[in-house]
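Structural overview for review
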Amino acid sequence: MSLSFEGRVVLVTGAGGGLGREYALAFAERGASVIVNDLGADVKGGGKSSAAADKVVEEIRAKGGKAVANYDSVEDGEKLIQTALDTFGRIDVVVNNAGILRDRSFARTSDMDWDLIHRVHLRGSFLVTRAAWNHMKNQKFGRIIMTSSAAGIYGNFGQANYSAAKLGMLGLANTLAIEGLKYNIHCNTIAPVAGSRLTETVMPPDLVASLKPEYVAPLVLWLCHDQCQENGGLFEVGAGWIGKLRWERSQGLIVRKKNQPMNPEAVRDKWDKICDFTDATKPFSVEESLQSVVNVLSRVDSEGEIGMNSTASASGISPTEAVGKKLPPTTFSFNHSQCILYALGVGMSTKDPDHLRFLYEGHQDFSCLPTFGVIPSQDAMMGGGLSTIPGLNIDFTQVLHGEHYLELYKPLPTSGKLTSQATVADVLDKGSGAVILLDVNAYSGDELVCYNQFSVFVVGAGGFGGKRSSEKAKAPLPPPQRTPDAVVIDSTTRDQAALYRLSGDWNPLHIDPSFAALAGFKAPILHGLCSFGFAARHVLKQFADNDPSRFKAIKVRFVKPVMPGQSLQTEMWKEGNRIYIQCKVKETEAVVLSGAYVDLYESSDASLEKISQGGGLQSELVFAEIGRRIKDLGSELVKKVNAVFGWEITKDGKNTAQWTIDLKNGSGSLHEGPYNGKVDVTFTVSDEDFMEVVQGKLNPQKAFFSGKLKVRGNIMLSQKLEVILKDYAKL
């Protein structure tokens with residue numbers, strides 16, 4: 001679907017020619033109302049004329065578009081915006097494009113040369129944008145483009161004034177992107193290479209002719225569209241090529257030593273290491289930038305030279321000592337209350353009827369959400385067990401949950417006791433930090449119920465000479481390169497983190513504003529495993545009909561934080577029984593879960609079809625499921641039923657299988673074949689009719705009276721069939 005700007009009002013400064021003209025024509029062609037601003041000055045800022053702006057307006061109107069000219073200087077920013085308000089009643093987009101040149105070598109640059117460039121480029125962009133800002137805030141929408149230059153990014157001989165102003169515009173844009181975000185005002189910066197009055201003074205004529213403005217305009221239009229959630233980006237663009245820039249920083253080195261003065265000789269001697277960009281980091285914000293400096297305070301007491309991101313060797317990371325070591329086992333007891341609390345914590349609600357089976361203990365299909373499997377195991381990681389492992393002398397304030405994998409070997413019970421055993425599977429050196437792979441197996445008695453792999457990133461603990469990858473790690477996988485098969489958008493609440501933490505993650509980062517501020521966040525953030533739960537249940541509903549028995553495994557990489565109250569958008573791609581997923585914050589388009597997937601077990605219908613084709617008994621699936629449920633809830637069933645049931649399954653008129661369900665003795669059991677004990681009631685039924693009964697297609701009483709179901713023994717106990725077949729063996 002083509003991008004439309006119908007109803008949007010766009011101001012383009014310096015629109016009388018070159019790039020500005022191309023922007024104005026392109027916006028108008030797609031339905032925007034355009035203010036064509038141009039002072040009519042020459043390339044050095046001299047003179048004034050209305051002809052340039054008028055000509056562009058005429059071009060737009062001749063094609064049926066809507067446009068009005070404005071001849072004011074960008075230093076009169078209020079007048080430009082007032083033209084938009086008077087003519088079209090609003091302002092949605094500002095493209096700061098106006099510019100002039102006063103090229104001089106630095107030694108020959110006069111005060112006037114310096115001031116004039118800054119007045120037009122930097123001050124002009126500031127004044128025009130400030131005039132539009134409150135209007136955009138009030139309407140909760142705005143798109144702003146700042147025009148920087150390669151000269152501003154890299155510097156250029158003879159353009160000290162121009163370079164300084166152009167890089168200043170980038171700094172202005174970065175701050176506006178932060179301040180405008182909550183008002184849906186996005187600000188991005190472009191550094192275009194195109195043929196114009198400015199570039200023709202520094203480029204050969206044939207090159208200027210080939211770098212057409214129409215190769216730049218599409219990027220500007222996309223960045224200004226309401227579908228585009230890019231914010232705070234810097235893009236180089238020209239000749240049909242677009243590239244995004246970001247800062248890169250070497251790992252650096254702390255050259256100060258304990259109780260010793262810092263001197264220039266130490267800087268000199270370590271200069272190569274300071275400037276080494278191997279395993280460089282890419283700080284994204286002031287908080288990330290300052291974090292490295294703040295970390296010095298906690299590390300400088302270490303003796304010897306210390307890398308900013310490689311202090312772990314000094315503080316004692318030793319993979320050979322740590323790998324294979326077990327943490328103290330932990331035990332987790334729970335009942336239906338914890339299962340329900342977890343479901344609420346990951347966004348389930350009674351407003352959705354499908355959620356009731358996870359929220360009401362009296363529901364006939366009451367179940368535990370599969371991702372509850374992370375809760376019994378998290379104590380193994382959060383209970384301080386890592387601190388007991390030799391070779392892991394780390395700063396636990398620098399620990400981040402990087403990735404997670406959960407696999408279920410059977411549906412989780414709604415109550416019981418699980419014992420978790422954690423093992424350090426591997427320790428990796430990522431340069432800027434260390435990764436600890438922690439494998440956690442959770443058991444019910446001797447039976448393995450689920451497996452978790454925590455991938456823990458320790459900021460600044462790399463550089464100890466370890467390996468960078470491990471075959472033991474459950475790898476994240478990219479989604480297919482096509483449109484998602486399904487997209488689910490779900491809102492979190494302001495109290496989502498406060499609710500989720502009641503399931504056991506008590507980190508104050510998710511509740512205490514002061515603690516969150518220390519970590520560089522404006523407010524407490526949502527738990528990564530809460531977003532994990534949201535995404536998993538979206539898949540469960542979309543592709544498994546909310547059947548927890550179909551859930552096998554989930555893998556995610558945690559990318560960015562979510563703020564409580566934001567909406568999560570889960571995009572899903574189905575490839576067989578694997579569902580690839582990517583989760584974003586809808587309001588910002590920021591990806592928060594990547595490389596993610598959910599593996600599902602095959603549906604019962606598919607399994608039945610296979611059995612039917614293979615000549616086996618369909619009822620085997622039901623009894624297998626009954627057997628699993630008895631292991632989980634046998635004691636409860638014994639109290640409810642207190643009887644022994646025998647089953648004779650026939651096919652083609654012959655007895656083919658024999659099953660006994662003992663719900664009278666001990667914790668219950670299931671037996672295949674002859675049974676030595678006393679059976680209270682025995683049912684004989686064909687394999688086909690048995691499945692009709694189980695699936696609710698054949699009423700048991702009708703089956704009995706029609707002769708399809710034969711009963712001998714205590715016939716009154718047949719009333720308890722529903723407890724076994726409907727509640728505990730439903731396919």
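Because the structure is predicted, anything quoted here is derived from the model rather than measured. (Residues numbered from 1 in each chain as written. Predicted model: local features only at pLDDT ≥ 70, side-chain atom pairs only at ≥ 80, totals over all residues. Heavy atoms only, no water.)

1. Remarks on the sheet that holds strand β3 (residues 66-70)
- Pairing is mixed in the open sheet, where eight strands are placed in the order β3-β2-β1-β4-β5-β6-β7-β8. The open sheet terminates on both sides in strands that have one partner only, identified here as β3 and β8 (241-245). The mean inter-strand angle of the sheet, taken between neighbouring strand axes irrespective of direction, is 20 degrees.
- Relative to strand β4 (residues 93-96), strand β1 (residues 9-12) is paired through three bridges, and the arrangement is parallel. Within β4, the residue paired with Val-10 across the bridge is Val-93.
- The sheet contacts of helix α3 (residues 77-88) involve β1, β2 (33-37), β3 and β4, and relative to β3 the element is tilted by about 145 degrees.
- Relative to β4, helix α4 (residues 111-139) is tilted by about 170 degrees, and along the sheet it contacts β1, β4, β5 (142-147) and β6 (185-192). (Pairing = 2+ DSSP bridges. Helix = DSSP H or I, 4+ residues; strand = E, 2+ residues; numbered from the N terminus. Axes fitted to C-alpha atoms, helices over the stretch in contact; angles between N-to-C directions. Contact = heavy atoms within 4.5 Å.)

2. Digging into the packing of helix α21 (residues 619-641) against helix α22 (residues 687-694)
- At a minimum axis separation of 9 Å, α21 and α22 run at an interaxial angle of 50 degrees. In terms of axis orientation, α21 runs oblique to α22. Taken together, the residues of α22 that come into contact with α21 (itself represented by Ser-619, Val-622 and Phe-623) are Asp-687, Phe-690, Met-691 and Val-694.
- For the contact of α21 with α22, the per-class residue count stands at five nonpolar, one polar and one charged. (Parallel < 35°, antiparallel > 145°, perpendicular 65-115°, else oblique. Nonpolar A, V, L, I, M, F, W, Y, C, P; charged D, E, K, R; others polar.)

3. As for the nonpolar core
- Counting 54 residues, the largest nonpolar core has Leu-369, Phe-372, Tyr-500, Phe-532, Ile-554, Met-572 and Ile-581 as its most contacted members.
- The element that contributes the greatest number of residues to this core is helix α19 (residues 528-544), accounting for 10 residues.
- In terms of nonpolar packing, the next biggest core, distinct from the first, is built from 34 residues, Val-10, Ala-53, Val-56 and Ile-60 among them. (Core = buried A, V, L, I, M, F, W, Y, C linked by side-chain atoms within 4.5 Å. Buried < 20%, exposed > 50% of the residue type's maximum accessible area, 1.4 Å probe, protein only.)

4. Some words on the packing of helix α1 (residues 18-29) against helix α2 (residues 51-62)
- With their axes 10 Å apart at the nearest point, α1 and α2 run at an angle of 25 degrees to one another. The angle between the axes of α1 and α2 places the two elements in the roughly parallel class. Note on packing geometry: the crossing formed by α1 with α2 is right-handed. Judged by residue contacts, Arg-21, Ala-24, Leu-25 and Ala-28 of α1 engage Val-56, Glu-59 and Ile-60 from α2.
- Looking at the contact of α1 with α2, its residues break down into five nonpolar, no polar and two charged. (Left-handed = near helix turned anticlockwise from the far one by under 90°.)

5. So, the pattern of salt bridges
- By the definition in use, this model includes 25 salt bridges.
- Residues Asp-92 and Arg-90 are paired through a salt bridge, measuring 2.7 Å at the closest nitrogen-oxygen approach.
- For Arg-90, a relative accessible area of 28% gives the class partly exposed.
- Across the salt bridge formed by Asp-426 and Lys-467, the nearest N and O atoms sit 2.9 Å from each other. On the criterion of sequence distance, the pair formed by Asp-426 in strand β13 (residues 416-429) and Lys-467 in the loop between β15 (447-459) and β16 (486-491) is long-range, its members being 41 residues apart.
- With a relative accessible area of 5%, Asp-426 lands in the buried category.
- Connected through shared salt-bridge partners, Arg-8, Arg-90, Asp-92 and Asp-226 make up one network. (Salt bridge = Lys/Arg side-chain N within 4 Å of Asp/Glu carboxyl O.)

6. As for the confidence of the model for the chain
- Chain-level pLDDT for the chain is 86 on average; 88% of the residues reach the 70-or-more range.
- Overall, residues 301-315 carries pLDDT values under 50, and its contacts beyond four positions in sequence, including any with other chains, amount to 52 contacts.
- The low-confidence segment residues 727-731 (pLDDT under 50) makes 23 contacts with residues lying over four places distant or belonging to another chain. (pLDDT = per-residue confidence, 0-100.)

7. Overview of unusual backbone geometry
- Phi is positive for Asn-184, close to 60 degrees, though the residue is something other than glycine.
- In this fold, Asn-184 is placed in the loop between α6 (160-180) and β6.
- Residues other than glycine seldom take positive phi values, yet Ala-239 does so here, at roughly 60 degrees.
- Mapped onto the elements of the fold, Ala-239 is located in the loop between β7 (234-238) and β8.

8. Observations concerning the state of the cysteines
- For the coordinates displayed, the defined rule picks out zero disulfides.
- Here Cys-450 is not cross-linked by a disulfide; its sulfur's nearest cysteine counterpart is in Cys-368, at 9.8 Å. (Disulfide = S-S within 2.5 Å.)

9. Quick word on α3
- The end-to-end C-alpha separation of α3 is 17 Å, in line with the 16 Å expected for 12 residues at 1.5 Å each.
- Of all the positions in α3, only Gly-77, Leu-80, Ile-81, Thr-83, Ala-84 and Leu-85 are classed as buried.
- Those residues of α3 hidden inside the fold are in contact with β1, β2, β3, β4 and α4.
- In the stretch just after α3, Gly-89 is the one whose phi turns positive, near 85 degrees. (Expected span 1.5 Å × (residues − 1).)

10. Things to note about the side chain of Asp-662
- Mapped onto the secondary structure, Asp-662 falls in strand β22 (residues 654-663).
- Despite its burial, Asp-662 pairs with no opposite charge, the nearest such side chain being Lys-664 at 7.9 Å.
- Separated by 3.0 Å, the side chains of Asp-662 and Asn-665 make a polar contact.
- The contacts of Asp-662, once residues within four sequence positions are left out, are Ala-643, Val-644, Gly-668, Ser-669 and Tyr-675. (Lys, Arg positive; Asp, Glu negative; His and termini not counted. Polar contact = N/O pair within 3.5 Å; in protein donor to acceptor, adjacent residues only side chain to side chain.)

11. So, the environment of Ala-164
- The residue Ala-164 is located in helix α6 in this model.
- Classification of Ala-164 as partly exposed rests on a relative accessible area of 31%.
- When the C-alpha positions of Ala-164 and Gly-152 are compared, they lie 6.1 Å apart, and in sequence the two are 12 residues distant.

12. Some words on the pairing of β13
- Counting buried positions along β13 yields 10 of 14 residues, so the element is predominantly enclosed.
- The pairing of strand β11 (residues 330-334) with β13 spans five bridges and is antiparallel. By the bridge assignment for β13, Phe-334 is matched with Gly-416.
- In the sheet, β13 pairs with strand β14 (residues 433-444) via 10 bridges, with the strands oriented antiparallel. Looking across to β14, one finds that Ser-420 is bridged to Ala-442.
- What sits between β13 and β14 in their antiparallel hairpin is a turn of three residues, with Gly-431 showing a positive phi close to 80 degrees.

13. Considering the pairing of β4
- Residues Val-93 and Val-95 of β4 are buried on one face, and the alternating residues Val-94 and Asn-96, pointing to the opposite face, are buried as well.
- Across four bridges, β4 lies against β5 in parallel orientation. Along β5, the bridge assignment pairs Asn-96 with Met-146.
- With α4 bridging β4 and its parallel neighbour β5, the resulting β-α-β unit is right-handed. (Right-handed = clockwise from strand over helix to strand, strands pointing away.)

14. Description of the packing of aromatic side chains
- All told, the structure shown has 13 aromatic pairs when counted by the stated rule.
- Ring geometry for Trp-647 against Phe-690: centres 5.2 Å apart, planes inclined by 85 degrees, an arrangement best described as edge-to-face. Highlighted residues: Trp-647 in strand β21 (residues 643-651) and Phe-690 in helix α22, separated in sequence by 43 residues.
- With a relative accessible area of 4%, Trp-647 lands in the buried category.
- What makes Phe-690 buried here is its relative accessible area of 2%.
- Chaining the aromatic ring pairs together yields one cluster made of Phe-623, Phe-645, Trp-647, Trp-659, Phe-683 and Phe-690.
- Arg-8 extends its terminal NZ or CZ atom over the ring of Phe-141, reaching a point 3.7 Å from the ring centre.
- Stacked on the ring of Phe-534, the Lys or Arg Arg-537 has its end atom at 4.7 Å from the ring centre. (Phe/Tyr/Trp six-rings, centres within 6.5 Å; stacked < 30°, edge-to-face > 60°. Lys NZ or Arg CZ within 6 Å of the ring centre and 35° of its normal.)

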